[in-house]
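Observations on the model geometry
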Amino acid sequence: MTKLTYIAHDGTRFEVEAENGSTVMENAIRNAVPGIEAECGGACACATCHVYVDDAWTALVGEPEAMEEDMLDFAYEVQPNSRLSCQIKVRDELDGLVVTVPERQG
Amino acid sequence: MSDITHTDVLIIGAGPIGLFAVFELGLFDMRCHLIDILDRPGGQCAELYPEKPIYDIPGYPVVGAQELVDKLLQQIAPFKPGFTFNRMVTALERLEGGGFRVTTDENEVFEAKVVVIAAGGGSFQPKRPPIPGIEAYEGSSVSYSVRCMEEFRGHDVVVVGGGDSALDWSLNLQPIARRVTLVHRRPEFRAAPDNVNKMHALQEAGALDLVIGQVSALSGEGGKLSSITVKGPESEVVVPCTRLLPFFGLTMKLGPVAEWGLHLHENQIPVDTEKFETSEPGIFAIGDINWYPGKLKLILSGFHEAALMAQAAKHVISPKERIVFQYTTSSTSLHKKLGVPD
Ligand SMILES: Cc1cc2nc3c(=O)[nH]c(=O)nc-3n(C[C@H](O)[C@H](O)[C@H](O)COP(=O)(O)OP(=O)(O)OC[C@H]3O[C@@H](n4cnc5c(N)ncnc54)[C@H](O)[C@@H]3O)c2cc1C
Ligand code: FES
């Protein structure tokens, strides 16, 4: 199991145990993290699962692919560390990953 | 007074379920007309995930969403359904002599004996970008589509987005606007490369401005916009703006369905599971838009609902006719309707 931490917009921390191969979005939904809507269920088609990856983790998490980058055009206050959480797969190296939920989804 | 289009069954929504309903209704000789706000059939499958594979359509281990729509269109072709696209159904009323009248946002009028609501998650509508205070300018300085180009003549127009609509309208409005500024989050565009090149050419000629960044604030008075602030990677710029056209994609909103006097259960229309009829006799609801205990928003469930609804609809239209259960495999009369050679 891999540990993930979500910081909600109001600062509340959610620490969850995630299975490798699942997505950061799926674990947020399963654990009712507020602010992750994921309207399209992880199809990279809605941009409502937007998160900011903690600076210490951006290199390991990696850059969005072209389709995700296109979808990020529809998100709110996109920053260089923005990702769509349905496109981040949980794996061993991400143990301890911290992501922050934006104020609102697009 | 516009002409009235008459049909047996008027289907609101041309998603996969509305399309399949044409087949089931067609087997019972009911003619159908479909209306959708999108510019093509397919609903969510065509608009949200055309390229994605679906794995739970019985008989297809895997099928692309657009491919499924194409196959449905092929399957219903023998019944020659009518289609009206780019129109929102705004009103649904019962006629005194029986049947229903359906009106679109362009005031086209349809009359049908039965209405099937296959409106899915609601109608696709432009997404409102999350810019604080934008509501105050909607309808005056902010619009999400261009209905009449003249309204932009002589204005400081700002177009926001990086897709085809944003590029199309930047290019189309450039000759008549006082100034067109295109604002996009990053230097790469999703739009057709041809139009991106045209835009860059205008930019180099000094005839159009391109600003990279995200709109962070609007300023103006009394619903009239005067400028916008764009937050770029390094700095903020203020751009004069009297007409703002943001293109942030489409989202599903329940829309006018809520105003037709039907009972609702959290944005869905409750139906029975025998006929899939709403609280109004003669108006049926199938697919993602309906609700009943155990409801699953799956394409396969919607197909089943369409089959049962068709029997009930037939009964509304021809109450005296006995409905004979037949298989498409072997019924010669169904073969005739489907155009199957003897
Ligand atoms: C990313 C994603 C993946 C999915 N994967 C699967 C899957 O694997 N398997 C599966 O079974 N399902 C899947 N679904 C769900 C499936 O797409 C829906 O169940 C299906 O599209 C519902 O079909 P529908 O015809 O009821 O509605 P929709 O497809 O939502 O179509 C309804 C149409 O009605 C139109 N409309 C609504 N109101 C009006 C109005 N007033 N005037 C004019 N037009 C109107 C809308 O514009 C829309 O085009 C997925 C959905 C998404 C978003
Ligand atoms: S859930 Fe829709 S883009 Fe991630």
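Note that the coordinates shown come from a computational prediction; the quantities given were computed from them, not determined experimentally.

**Topic: the domain arrangement of chain B**
Per the domain assignment, the segments of chain B are domain 1 (4-125 + 251-338) and domain 2 (129-247). For domain 1 of chain B and domain 2 of chain B, the distance between their C-alpha centres works out to 38 Å.

**Comments concerning the confidence of the model for chain A**
Counting all residues, the mean pLDDT for chain A is 94, and 100% of those residues have values of 70 or more. Element-level pLDDT for chain A is lowest in helix H3 (residues 66-72) of chain A, with a mean of 92, against a maximum mean of 98 in strand S3 (residues 50-53) of chain A.

**Side note on the layout of surface pockets**
As a volume, the second largest pocket reaches approximately 590 Å³. Taken together, 29 residues form the lining of the second largest pocket, with Val78 of chain A together with Arg185, Gly213, Gln214 and Lys231 of chain B sitting closest to its centre. Only strand S11 (179-184) and strand S13 (214-221) of chain B provide two or more residues apiece to the lining of the second largest pocket. Broken down by class, the residue content of the lining of the second largest pocket amounts to 15 nonpolar, eight polar and six charged.

**So, the UniProt feature "binding site: FAD" (unreviewed entry) in chain B**
Residue and element names in this part refer to chain B. As annotated in UniProt, the feature "binding site: FAD" (unreviewed entry) corresponds to Asp36, Gln44, Tyr49, Val89, Phe124, Asp288 and Thr329 in the numbering used here. Across 294 residues, the annotated set is spatially dispersed, with a maximum C-alpha separation of 37.1 Å. A polar contact is formed between the side chain of Asp36 and the backbone nitrogen of Ala14, at a distance of 2.7 Å. With respect to the helices, strands and loops of the structure, Asp288 is situated in the loop between strand S19 (283-285) and strand S20 (290-291). When neighbours within four sequence positions are excluded, Asp288 is seen to be in contact with Gln44, Gly120, Gly121, Gln268, Lys295, Lys297 and Leu298. Side-chain polar atoms of Asp288 contact the side chain of Gln44, separated by 3.0 Å.

**Looking at the pairing of strand S12 (residues 209-212) of chain B**
For a regular strand, side chains alternate in direction, first toward one face of the sheet and then toward the other. Residues and elements named next belong to chain B. Pairing analysis gives four bridges linking S11 to S12, with the strands arranged parallel. What sits directly across from His184, in S12, is Ile212. The parallel pair S11 and S12, bridged by helix H5 (residues 193-204), forms a crossover whose chirality is right-handed.

**Focus: the site of ligand 1**
Within the structure, ligand 1 sits among 34 residues, and Asp36, Gln44, Tyr49, Asp56 and Asp288 of chain B are positioned closest to it. One chain alone does not account for the residues near ligand 1; they come from chains A and B. Measuring from an oxygen atom of ligand 1, one finds a backbone N or O atom of Pro16 of chain B at 3.4 Å. At 2.8 Å, a backbone N or O of Ile299 of chain B approaches an oxygen atom of ligand 1. Out of a free accessible area of 1,000 Å², ligand 1 has 91% covered by protein chains. Mapped by element, the contributors of at least two residues to the shell around ligand 1 are helix H1 (16-27), helix H2 (43-47) and strand S9 (123-126) of chain B. Looking at the shell around ligand 1 residue by residue, the class counts come to 19 nonpolar, 10 polar and five charged.

**Side note on the sheet that holds strand S15 (residues 236-240) of chain B**
Residues and elements named next belong to chain B. Sheet architecture is open: three strands sit in the order S13-S14-S15, paired in antiparallel fashion. The open sheet has two edge strands with one neighbour each: S13 and S15. Direction aside, neighbouring strands of the sheet carry axes that sit 25° apart on average. Alignment of strand S14 (residues 224-231) against S15, held across five bridges, turns out to be antiparallel. From the neighbouring strand, Thr229 faces S15, where its bridge partner is Val238.

**Brief notes about the sheet that holds S12 of chain B**
Residues and elements named next belong to chain B. Reading across from one edge, S12-S11-S10-S16 is the order of the four strands in this open sheet, with parallel pairing throughout. Strands at the two margins of the open sheet, each flanked by one partner only, are S12 and strand S16 (243-246). Between one strand and the next, the sheet's axes are offset by a mean angle of 20°, whatever the strand orientation. Pairing of strand S10 (residues 156-160) with S11 involves five bridges; the strand directions are parallel. Across the sheet, the residue bridging to Val157 is Val180, located in S11. Strands S10, S11 and S16 of the sheet are contacted by helix H4 (residues 164-173), whose axis makes an angle of about 165° with S11.

**So, the UniProt feature "domain: FAD/NAD(P)-binding" (unreviewed entry) in chain B**
Here, UniProt's "domain: FAD/NAD(P)-binding" (unreviewed entry) annotation points to residues 8-293 of chain B. Secondary structure across residues 8-293 of chain B comprises 18% helix and 32% strand; the distance between its end C-alpha atoms is 30 Å.

**Section: the pattern of salt bridges**
Pairing is possible between side chains of opposite charge, provided their charged atoms come close. Summed over all chains, the structure comprises 27 salt bridges over all chains. For the salt bridge of Arg147 of chain B with Asp105 of chain B, the shortest nitrogen-to-oxygen distance reads 4.0 Å. Taken together, the positions of Arg147 of chain B in the loop between S9 and S10 and Asp105 of chain B in the loop between strand S7 (100-104) and strand S8 (109-117) put the pair 42 residues apart, joining distant regions of the chain. In this structure Asp105 of chain B comes out as partly exposed when scored by relative accessible area, which is 29%. One salt bridge in this structure joins Arg178 of chain B and Asp156 of chain B, with 3.1 Å as the shortest N-O distance. With Arg178 of chain B in the loop between H4 and S11 and Asp156 of chain B in strand S10, the pair connects residues that are 22 residues apart, well separated along the chain. The network of salt bridges with common partners includes Glu69, Asp70 and Asp73 of chain A together with Arg185, Arg186 and Arg190 of chain B.

The rules behind each value
Residues numbered from 1 in each chain as written. Chains lettered and ligands numbered in written order. Predicted model: local features only at pLDDT ≥ 70, side-chain atom pairs only at ≥ 80, totals over all residues. Heavy atoms only, no water. Domains from an automatic or database assignment. pLDDT = per-residue confidence, 0-100. Helix = DSSP H or I, 4+ residues; strand = E, 2+ residues; numbered from the N terminus. 1 Å grid on protein atoms, 1.4 Å probe; cavity = no way out; pocket = protein on both sides within 12 Å on 5 of 7 lines; lining within 4 Å. Points joined across faces, edges and corners; volume = space filled by probe spheres on them. Nonpolar A, V, L, I, M, F, W, Y, C, P; charged D, E, K, R; others polar. UniProt positions renumbered as here; feature names shortened; annotations may be inferred. Polar contact = N/O pair within 3.5 Å; in protein donor to acceptor, adjacent residues only side chain to side chain. Contact = heavy atoms within 4.5 Å. Pairing = 2+ DSSP bridges. Right-handed = clockwise from strand over helix to strand, strands pointing away. Near = heavy atom within 4 Å. Areas by Shrake-Rupley, 256 points an atom, 1.4 Å probe, with all protein chains shown as cover. Axes fitted to C-alpha atoms, helices over the stretch in contact; angles between N-to-C directions. Salt bridge = Lys/Arg side-chain N within 4 Å of Asp/Glu carboxyl O. Buried < 20%, exposed > 50% of the residue type's maximum accessible area, 1.4 Å probe, protein only.

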